[in-house]
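Examination of the molecular architecture
So you can see what is in the structure, the chains are spelled out below.
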Amino acid sequence: MLSLRARLPNLTVGIHSVVSVFSVGHLDELIAYADHSGADQFITEIAEPRVELDTIGLPITPSPEKYREAIDRLIGYVNTKHFKGMAKFTEAFRIEYYKLVKRILDEKDQVIDCYAGWASAQIYADGTVWPCCVRADRIGNLRNHNYDFKEIWFGDKIKEVRRSIAAKECHCPLANASYTNMLIDVSTLTRVSAKLLRPGSKQHQPGNGERNSSVGLVPIPTQPIRSRD
C-alpha cells in the first residue's frame, strides 16, 4: 500500500486497531508501531460485545478509567500530526468520537441522540436486517421479502425498536453508528467545522482529569429525522 501511495497522491493509508482489555495497556506500543510504519493515520475503536463477532458476554470492554488514560495519549499523538485533505476531516471527527466514547462510558447514556434504525443499519451475512449490530434486533430478512429493503425498513417490526432507541433505553459506543450520529448532531458538526476552518489550528489535548464532550453501514432510504418520535 505504501508503494502504491507513491503513485497515487490521493491515497491515504491507515492502520486500524481495537482498544480492548487486552490492548488498552499497550496503546503506546501500537502508536509507536503505527508512527514508524509510514502509514498516514492510526485509528481505533473500542471493543464491545457484538452478536456478529460472537463476543456477547465476554468482558472485552476496558474500564472507563483505563480507556480515558489510553485514549488521551492517542489524542495527544494525533495533535502532533499534520493532516491534509480528507484525512484532516476524518481525524477531526475521530477525536470527537474518542471524546464521545469517554462520556458514554462514564455517563452510561447516549450523550447525543442515536439514529440507528433511522440513518444506519446492518445487513448480516444471511440477509437479516439489524438497525444496530449491538442490539441486533431482527426486523426482517431480505430473503423473505424478495430482497426489498424498503419493505422491512418501513414495516411494523422496526417501530418498537425506533421507539426504544429514541427513549434512550440503550447506549453504546459503536463506532459506525456513532460517526453517523455525529454527522447529524449539530453541536458536533459545529465544533468540527470550527476546527477545520481555523487556520493552523490544532486539536485540543485534554489535561489530567479533564472530560470532553465494520460491519458496514449501508445506504438506506430515510424518513425525515424529526419524525423519530
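Because the structure is a prediction, the values reported are computed rather than measured. (Residues numbered from 1 in each chain as written. Predicted model: local features only at pLDDT ≥ 70, side-chain atom pairs only at ≥ 80, totals over all residues. Heavy atoms only, no water.)

1. Overview of the overall build of the chain
- The helix and strand inventory of the chain stands at eight helices and four strands.
- The order of helices and strands in the chain, counted from the N terminus, is α-β-α-β-α-α-β-β-α-α-α-α.
- By residue count, 45% of the 229 residues in the chain fall in the buried class.
- Of the roughly 12400 Å² of accessible surface on the chain, a fraction of 54% belongs to carbon and sulfur atoms. (Helix = DSSP H or I, 4+ residues; strand = E, 2+ residues; numbered from the N terminus. Buried < 20%, exposed > 50% of the residue type's maximum accessible area, 1.4 Å probe, protein only. Areas by Shrake-Rupley, 256 points an atom, 1.4 Å probe, with all protein chains shown as cover.)

2. Brief notes about the packing of aromatic side chains
- Inspection of the entire model under this criterion finds six aromatic pairs.
- Centroid distance Phe149 to Trp153: 5.3 Å. Interplanar angle 25°. Geometry classified as stacked. A residue pair is termed a helical-turn pair when its members lie 3 or 4 positions apart in one helix, as Phe149 and Trp153 do in helix α5 (residues 149-153) at four residues. The pair Phe149 / Trp153 is uniform in exposure class, with both members buried.
- Here the aromatic cluster, defined as three or more aromatic residues joined through ring pairs, consists of Tyr97, Tyr98 and Tyr179.
- Lying over the aromatic face of Trp153, Arg162 brings its terminal NZ or CZ to 5.1 Å of the ring centre. (Phe/Tyr/Trp six-rings, centres within 6.5 Å; stacked < 30°, edge-to-face > 60°. Lys NZ or Arg CZ within 6 Å of the ring centre and 35° of its normal.)

3. Some details on the pattern of salt bridges
- Following the criterion strictly, the structure yields 17 salt bridges and no others.
- Salt-bridge contacts for Lys81 lead to Asp35; the nearest nitrogen and oxygen are separated by 3.0 Å. Taken together, the positions of Lys81 in the loop between α3 (64-79) and α4 (85-107) and Asp35 in helix α2 (residues 27-37) put the pair 46 residues apart, joining distant regions of the chain.
- Since its relative accessible area comes to 36%, Asp35 is described here as partly exposed.
- The partner of Glu169 in a salt bridge is Arg163, with the nearest N and O atoms 3.2 Å apart.
- What emerges from the salt-bridge pattern is a single network uniting Asp28, Glu69 and Arg73. (Salt bridge = Lys/Arg side-chain N within 4 Å of Asp/Glu carboxyl O.)

4. Observations regarding the nonpolar core
- The biggest cluster of nonpolar side chains holds 31 residues, and the ones touching the most others in it are Leu27, Tyr67, Leu74, Tyr97 and Tyr98.
- Of all the secondary-structure elements, those providing two or more residues to this core are α2, β2 (41-46), α3, α4 and α7 (175-184).
- In terms of residue count, the dominant contributor to this core is α4 (ten residues).
- Residues in contact with Leu74, not counting those within four places in the same chain, are Leu27, Ile31, Phe42, Thr44 and Tyr98.
- Residues Trp118, Val129, Cys133 and Trp153 belong to the second largest nonpolar core, which totals 21 residues. (Core = buried A, V, L, I, M, F, W, Y, C linked by side-chain atoms within 4.5 Å. Contact = heavy atoms within 4.5 Å.)

5. Focus: the pairing of β2
- The buried fraction of β2 amounts to six of the six residues, a majority that puts the element mostly inside the structure.
- Alternating positions in β2 separate into two faces, Gln41, Ile43 and Glu45 on one and Phe42, Thr44 and Ile46 on the other, with burial throughout.
- In this structure, strand β1 (residues 14-19) lies alongside β2, joined through six bridges in parallel fashion. Note on β2: the bridge partner recorded for Val19 is Ile46. (Pairing = 2+ DSSP bridges.)

6. Overview of the packing of α4 against helix α8 (residues 186-197)
- Remark: α4 packs on α8, axes separated minimally by 10 Å, with the N-to-C direction vectors making an angle of 135°. In terms of orientation, α4 lies oblique with respect to α8. Crossing angle aside, the handedness with which α4 passes α8 is right-handed. On α8, the residues touching Lys88, Phe89, Ala92, Phe93, Glu96 and Lys99 of α4 are Thr188, Leu189, Arg191, Val192, Lys195 and Leu196.
- In terms of residue class, the contact of α4 with α8 is made up of six nonpolar, one polar and five charged. (Axes fitted to C-alpha atoms, helices over the stretch in contact; angles between N-to-C directions. Parallel < 35°, antiparallel > 145°, perpendicular 65-115°, else oblique. Left-handed = near helix turned anticlockwise from the far one by under 90°. Nonpolar A, V, L, I, M, F, W, Y, C, P; charged D, E, K, R; others polar.)

7. Notes on the confidence of the model for the chain
- Summing up the model confidence of the chain, the mean pLDDT is 85 and the portion of residues at 70 or higher is 86%.
- Taken together, the stretch residues 203-227 has pLDDT below 50 and engages in 58 contacts with residues farther than four places along the chain or on a different chain. (pLDDT = per-residue confidence, 0-100.)

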